[in-house]
Amino acid sequence: MQFSDFELEFTASRRAHVSALQTAVAAYLAASADLPAQLDELLSNDPDMPLALCFQGYLLKLAAHPGLQPTITEIVQRAARSAAHANRREQQHIHALQAWDSGDVNTALACLEAITDEYPQDMIALRLAHYMHFYNGSGAAMAASTGKVLDQWPVEHPHYSFLLGMHAFGLEEQADYRGAAHYAQAALAINRHDLWSIHAMSHVYYMQHQHDQGLQWLADQADVMPGTNNFRHHLSWHQALHHLACEDYAAVLAVYDSALAASTGDDFYLDMCNNAAILWRLEAARVDVGDRWQPLAELASQHVADRELVFASLHYLLPLIRTASPAARAFMQGLNEWANDETHQAEVVRAVGLPVAERLLATQQHEFAAAESLHLLGGSKAQRELFALVAT
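Please read these numbers as outputs of a predicted model, since none were measured by experiment.

On to the overall build of the chain, then. Per the secondary structure count, the chain includes 22 helices and 2 strands. Here the chain holds 392 residues, and the buried ones make up 60% of them. Accessible area of the chain: about 15600 Å², with a carbon and sulfur share of 50%.

Let us look at the environment of Trp153. Counting through the fold element by element, Trp153 comes out in the loop between helix 10 (139–147) and helix 11 (160–173). The class of Trp153 is buried, set by a relative accessible area of 5%. Separated by 32 residues in sequence, Trp153 and Gln121 place their C-alpha atoms 6.6 Å apart. Leaving out residues up to four positions away in the same chain, Trp153 has contacts with Pro120, Gln121, Met123, Leu126, His159, Tyr160 and Leu163. A polar contact is formed between the side chain of Trp153 and the backbone oxygen of Pro120, at a distance of 2.7 Å.

Let us now look at the side chain of His344. Mapped onto the secondary structure, His344 falls in helix 21 (residues 344–361). With relative accessibility at 13%, the residue His344 sits in the buried group. Setting aside its immediate chain neighbours within four residues, His344 contacts Gly103, Val105, Asn106 and Asn136.

Unlike most non-glycine residues, Glu247 shows phi in positive territory, near 60°. The residue Glu247 is located in the loop between helix 15 (231–245) and helix 16 (249–260) in this model. One non-glycine residue with positive phi stands out, namely Arg286, at about 65°. Relative to the helices and strands, Arg286 is located in the loop between helix 17 (269–284) and helix 18 (293–300). By relative accessible area, Arg286 is classed as exposed at 58%.

Orientation of helix 17 relative to helix 18, taken along the N-to-C sense of each, is 135°, at an axis distance of 11 Å. Between helix 17 and helix 18, the interaxial angle falls into the category oblique. Two packed elements cross with a definite hand, and for helix 17 against helix 18 that hand is left-handed. Between helix 17, through Met272, Asn275, Ala276, Leu279, Trp280 and Glu283, and helix 18, the contact on the second element is made entirely by Trp293, Leu296, Leu299 and Ala300.

Criteria and thresholds
- Residues numbered from 1 in each chain as written.
- Predicted model: local features only at pLDDT ≥ 70, side-chain atom pairs only at ≥ 80, totals over all residues.
- Heavy atoms only, no water.
- Helix = DSSP H or I, 4+ residues; strand = E, 2+ residues; numbered from the N terminus.
- Buried < 20%, exposed > 50% of the residue type's maximum accessible area, 1.4 Å probe, protein only.
- Areas by Shrake-Rupley, 256 points an atom, 1.4 Å probe, with all protein chains shown as cover.
- Contact = heavy atoms within 4.5 Å.
- Polar contact = N/O pair within 3.5 Å; in protein donor to acceptor, adjacent residues only side chain to side chain.
- Axes fitted to C-alpha atoms, helices over the stretch in contact; angles between N-to-C directions.
- Parallel < 35°, antiparallel > 145°, perpendicular 65-115°, else oblique.
- Left-handed = near helix turned anticlockwise from the far one by under 90°.

Encoded structure:
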């Protein structure tokens, strides 16, 4: 991230830590497993740096894990205290983090978009807005958010490829597959280690039913995966999804057992989404998955009271259903209580979370069925296909 315009707003003592923040942002964009350690070191050296605090708070919110809330609360409080010596851009980030932490996603998004209007090269704001638009289920908003700043970034910017990859994914989610492929390939021509651009191309292949090309594409990128975080497991999910579309169920199970199953031990919601979705789809194809549901159900039983992300919670419900776990009843009780909240995600529960959960619980057989409101759950079009696998 280039802070050339931003450094001028810092005190001389704080400018010494800007390079460390740059390094941490670069690690985030590269899906580096080293990011937590880098950010911890930065904040140990400058514990009151407002943007570093906001960045850490954003990352913990991205994890969507209730066990992190005490830490998030502490960070939000520290960020609020730092506002007295923060500059304008930092104060806007503090406001965005506070809004997100309170469950007001729309205000957080408005803050982030306002930041990018004024500071179009603020990659932290761009990336977080990209994520929030994603979980609002709007590819058009994702593409508009990045599209409005494309011509304000120099091609030599060290993070230019990541901007192109984000734009590619937004285009893919609004079914502009040609445009998505163009931007993803342009990004990878600059930086072939950009996992988000690799991911965007995987979606392009999947949505166009080009499964052999998609499998070859992922095989060709295998050498960039070492040293990356859990997002690499999501790319393995894409590999399994292509095999599933080709009805090569033995290959799907091989990917699951070799690359996906162990990831659940990290207790990260995306790993559960990957794994539960693959097993559910396999059973929809009448494939015996053996006892593979059981480890997922054991973990899911610890998340029945989560109120983080409806999209994730519905995936936690799947193994509880498939193992006939009594925790499914507690899950539904918690979901009904969540619906009474006044947060953005509670609105999603009321609009689509409860109807989908009730339909899943009633499922005895699996068929594809259309559901116009599913986009409200967020996630990608490929991910939301799962929730169409309900009984007619």
